[in-house]
Amino acid sequence: QQQVKQSPQSLIVQKGGISIINCAYENTAFDYFPWYQQFPGKGPALLIAIRPDVSEKKEGRFTISFNKSAKQFSLHIMDSQPGDSATYFCAASMGANAGNMLTFGGGTRLMVKP
Amino acid sequence: DTAVSQTPKYLVTQMGNDKSIKCEQNLGHDTMYWYKQDSKKFLKIMFSYNNKELIINETVPNRFSPKSPDKAHLNLHINSLELGDSAVYFCASRAQGGPTQYFGPGTRLLVL
């Protein structure tokens, strides 16, 4: 059973456009929701994260929108650049009692065309 | 300065062999993890470990065992390797009190 569902699987955006990736979760015990960026041949790197008591968090061109009642959260990349081309993963964790282990979504392969 | 490092980067071996993957972090973190990324890029937690507690994902076969000689190292030992073990294995670490996990570069395991 996949506890975090991510869509779309792949996304093509023109340079300067907005990239939007969506995630939905099942377990209401999740209390931390990070987004990771992974380039080919590299490990995932934290991009931005949010707690469920906040509805939106913005860092530069990256924004997380969080809807607790719908159990959904999304990543928006404004002014998308070719250098943003990577695989993006949403994730969720339940905190220290569960070892802060991350449950990942299936990933979205983003391609930004010049 | 590599924060989380893994060796080897690539590992090709025969079915039935036993192998180990090493992970070291120089961040002073208390908790370390192993994740498996399959051919479809799906990332799945295998273990969470600090000096007090090991949490094992129930789906991980007991052929996999984490071994920690000290707080900065968490090695992954795999017995009787199977074809389905072929994947990229990532180590990660986290500071006590903080949620952020820092990932290593991965070890690409191919079982023939």
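Structure shown above.
Residue numbering note: each chain is counted from 1, following its sequence as written. Chains and ligands are labelled by the order in which they are written, letters from A for the one and numbers from 1 for the other. Per-residue local features are limited, in this predicted model, to residues with pLDDT of at least 70; the limit for side-chain atom pairs, both in listing and counting, is 80 or more; totals at the level of whole chains, interfaces and linings are taken over all residues. Values shown for side chains rest on all heavy atoms present in the structure; no hydrogens or waters enter the calculation.

J.: I'd love a proper account of the sheet that holds strand β7 (residues 64-70) of chain B, names of residues and values included.
T.: Residue and element names in this part refer to chain B. Ordered in space as β1-β3-β8-β7, the 4 strands form an open sheet in which the pairing is antiparallel. If you trace the sheet from one side to the other, it starts and ends with β1 (4-7) and β7, each paired once. Averaged over neighbouring strand pairs, the angle between their axes works out to 20 degrees when direction is ignored. Paired strands, in this sense, are two strands between which DSSP finds at least two bridges. Here a helix means four or more residues in a row that DSSP labels H or I, a strand means two or more in a row labelled E, and each is numbered from the N terminus. Two elements, β1 and strand β3 (residues 19-25), share 4 bridges in a ladder whose sense is antiparallel. Counted as the bridge partner of valine 4 is glutamine 25 from β3. Where helices are involved, their axes are fitted lines through C-alpha atoms of the stretch in contact, as for all axes, and angles between N-to-C directions lie from 0 to 180°.

J.: Help me get a handle on the pattern of salt bridges, residues and values and all.
T.: Residue and element names in this part refer to chain A. Every case where a carboxyl oxygen of Asp or Glu lies within 4 Å of a side-chain nitrogen of Lys or Arg is listed as a salt bridge. The tally for this structure, following the rule as stated, stands at 6 salt bridges over all chains. Note that arginine 51 is salt-bridged to aspartate 31, the shortest N-O span being 3.9 Å. With arginine 51 in the loop between β5 (45-50) and β6 (56-59) and aspartate 31 in the loop between β3 (19-25) and β4 (33-38), this pair connects stretches of sequence that are 20 residues apart. In this scheme, a residue with accessible area under 20% of its type's maximum is buried, one over 50% is exposed, and one in between is partly exposed, where area comes from a 1.4 Å probe on protein chains only. Residue classification places aspartate 31 among the partly exposed residues on the basis of a relative accessible area of 27%.

J.: Before we move on, can you summarise the interface of chain B and chain A with the specific residues and values?
T.: The contact criterion used throughout is that any non-hydrogen atoms of two residues lie within 4.5 Å. Chain B puts 19 residues into the contact, and the matching count from chain A is 20 residues. By buried area we mean the combined loss of accessible area, with a 1.4 Å probe, across both parts when two parts are placed together. Here chain B and chain A share an interface that buries about 1,700 Å² over both sides, 61% of which is from carbon and sulfur atoms. The largest contributions to the chain B side of the interface with chain A come from Lys41, Leu43 and Pro99 of chain B, which together make up 30% of the buried area. Inspection of the chain B/chain A interface yields 0 salt bridges. Any N or O atom pair separated by 3.5 Å or less is treated as a polar contact, with the protein-specific requirement of one donor-capable and one acceptor-capable atom, and with residues adjacent in sequence counted only for side-chain atom pairs. Between chain B and chain A we count 6 residue pairs in polar contact (both at pLDDT 80 or more) in total. Elements represented by at least two residues in the side of chain B that touches chain A include exactly β4 (31-37), β5 (43-49), β9 (87-94) and β10 (101-103) of chain B. Per-class residue counts for the side of chain B that touches chain A are 11 nonpolar, 5 polar and 3 charged. Basically, the charged four are Asp, Glu, Lys and Arg, the nonpolar ten are Ala, Val, Leu, Ile, Met, Phe, Trp, Tyr, Cys and Pro, and anything else, Gly included, counts as polar.

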